[in-house]
Amino acid sequence: MNAPSAPEVVCVGESMALITPITDPLVRAATATIGLAGAESNVAAGLAAAGRRVAWASRLGADPFGERVIAELERRGVDLWIEQDATAPTDVMFKDPGAEGSLSYYYRRGSAASQMTAGALGAERLRGMRIVHTTGITPALSASCRDMVEQLFTDAHDAGALVSFDVNDRRALWPEAEASETLAHFARSADIVFVGRDEAERIWATATASEIRGFLPDCPLLVVKDGDVGATAFVGDAEPVFVPAPVIDVVEPVGAGDAFAAGFLAATLADAPIAERLDAGHRAAARVLVIAADMPPLL
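The rules behind each value
- Per chain, the residues get numbers from 1 upward, laid out in the order the sequence is written.
- In view of the model being predicted, local features appear only for residues whose pLDDT reaches at least 70, and side-chain atom pairs are presented and counted only at 80 or more, with totals across whole chains, interfaces and linings using the full set of residues.
- Only hydrogens and water are set aside; all other atoms, that is, all heavy atoms of the structure, feed into the side-chain values.
- Secondary structure follows DSSP: runs of H or I at least 4 residues long count as helices, runs of E at least 2 residues long count as strands, and numbering of each begins at the N terminus.
- The globule rule used here is 2.2 Å times the number of residues to the 0.38 power, and the radius of gyration it is set against is calculated over C-alpha atoms.
- Each residue is assigned to one of three classes by its accessible area relative to the maximum for its type, calculated with a 1.4 Å probe on protein chains only: buried under 20%, partly exposed between the two thresholds, exposed over 50%.
- Residue contacts are counted whenever heavy atoms from the two residues lie within 4.5 Å of one another.
- Accessible surface is estimated by sampling points in the Shrake-Rupley manner with a 1.4 Å probe; for residues, cover comes only from the protein chains shown.
- When charges are counted, neither His nor the chain ends are considered; positive counts come from Lys and Arg and negative counts from Asp and Glu.
- Just so you know, the charge point we use is NZ for Lys, CZ for Arg, CG for Asp and CD for Glu.
- Lining residues are defined by having an atom within 4 Å of a point belonging to a cavity or pocket. Those points lie on a 1 Å grid over the protein atoms alone, cavities being sets where a 1.4 Å probe fits but cannot get out and pockets being open sets with protein on both sides within 12 Å along at least five of seven lines.
- Grid points are joined across faces, edges and corners, and a volume is the space filled by probe spheres set on the points.
- Side-chain classes are defined by residue name, with Ala, Val, Leu, Ile, Met, Phe, Trp, Tyr, Cys and Pro counting as nonpolar, Asp, Glu, Lys and Arg as charged, and the others, Gly among them, as polar.
- In the sections that follow, a salt bridge refers to a side-chain nitrogen of Lys or Arg positioned within 4 Å of a carboxyl oxygen of Asp or Glu.

Colleague: With reference to specific residues and values, describe the overall build of the protein.
Modeller: When its secondary structure is counted, the protein shows ten helices and 13 strands. At 18 Å, the protein has a C-alpha radius of gyration in line with the 19 Å of a compact globule built from 299 residues. Taking the principal axes of the C-alpha coordinates as reference, the protein spans close to 55 × 45 × 45 Å. Counting over 299 residues, the protein shows a buried share of 54%. Intrachain contacts of the protein at a sequence separation of at least 6 include 70% that bridge at least 24 residues. Total accessible area on the protein stands at roughly 12,900 Å², and carbon and sulfur atoms take up 54% of it. The positive charge centre, built from 24 side chains, and the negative charge centre, built from 41, are 3 Å apart in the protein.

Pasting the structure below:
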């Protein structure tokens, strides 16, 4: 399938350099790899790998880490809609991987991405897009980022695009009450919503997929992910569709949710049935769960 000449999806949010020890944990590590992390750029890379034409929009520091982000995303076929800032740095993340969960350490205060502002894209720039995707991480970065996401939703809808929103709560970024209210607001304003059952229980006290649907009854397409159990999609008033997750040996889980979103959105762009979209999400996530990086290597 030939990709269209202009992006059909834009993913908006921060990206950062990812430092991961090769063998020992960070406290003892003598060697490490430098990679790329960031929910929206992970989704953009996954969509590009699936053959979709996609752009990533953000701000980066005019520094070596920013140049690495640019080089890696260009290598993966992602169009870049970015500004580089000579006075604010690119975010950096350090990770201690583990099969049950990773410990992550972020250095993002005052970063270039945290200084994104409302109207940075605008409806005219978004015209022709089929999907605009962002996550709950972005409004948590700063007040200006929250304003930017609010305007982004309005501009995307004015441009005729669907808004895709992955709740992606990050506990360290903001108080739980603020997160609960803000993430619910954006989820209720989006056309496609991804949320983990566990994070929804934490921030909204909704313990099951059905309870989450009751909390977000008007979302046109709601996808509830439940780890190694599977994922459930709610489309309008239709019966929910559940597809179990494949059984795999997990190396490290970070990035799997982004891969799932990329796989699901790629299948959505292909107008696949809902069950096939969920299966595509699972298959994309599985490719990330068996490695210690946030993105699978290019073939």
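Colleague: How would you summarise the layout of surface pockets if you had to cite specific residues and measurements?
Modeller: Estimates place the volume of the largest pocket at around 1,500 Å³. Along the walls of the largest pocket sit 50 residues, with D198, P253, V254, A256 and G257 positioned nearest its centre. Residues belonging to the lining of the largest pocket are distributed by class as follows: 22 nonpolar, twelve polar and 16 charged.

Colleague: Just give me the short version of the pattern of salt bridges, but keep the residues and values in it.
Modeller: A side chain with one charge may pair with a side chain of the opposite charge, provided their charged atoms come close. Considering all chains together, one arrives at 17 salt bridges under this definition. With a closest N to O distance of 3.1 Å, D85 and R59 form a salt bridge. Linking D85 in strand 5 (residues 79-85) with R59 in strand 4 (residues 54-61), this pair joins segments that are 26 residues apart in sequence. Using a relative accessible area of 9% as the deciding quantity, one classes D85 as buried. One network of salt bridges, with partners in common, ties together E8, R52, R130 and D271.

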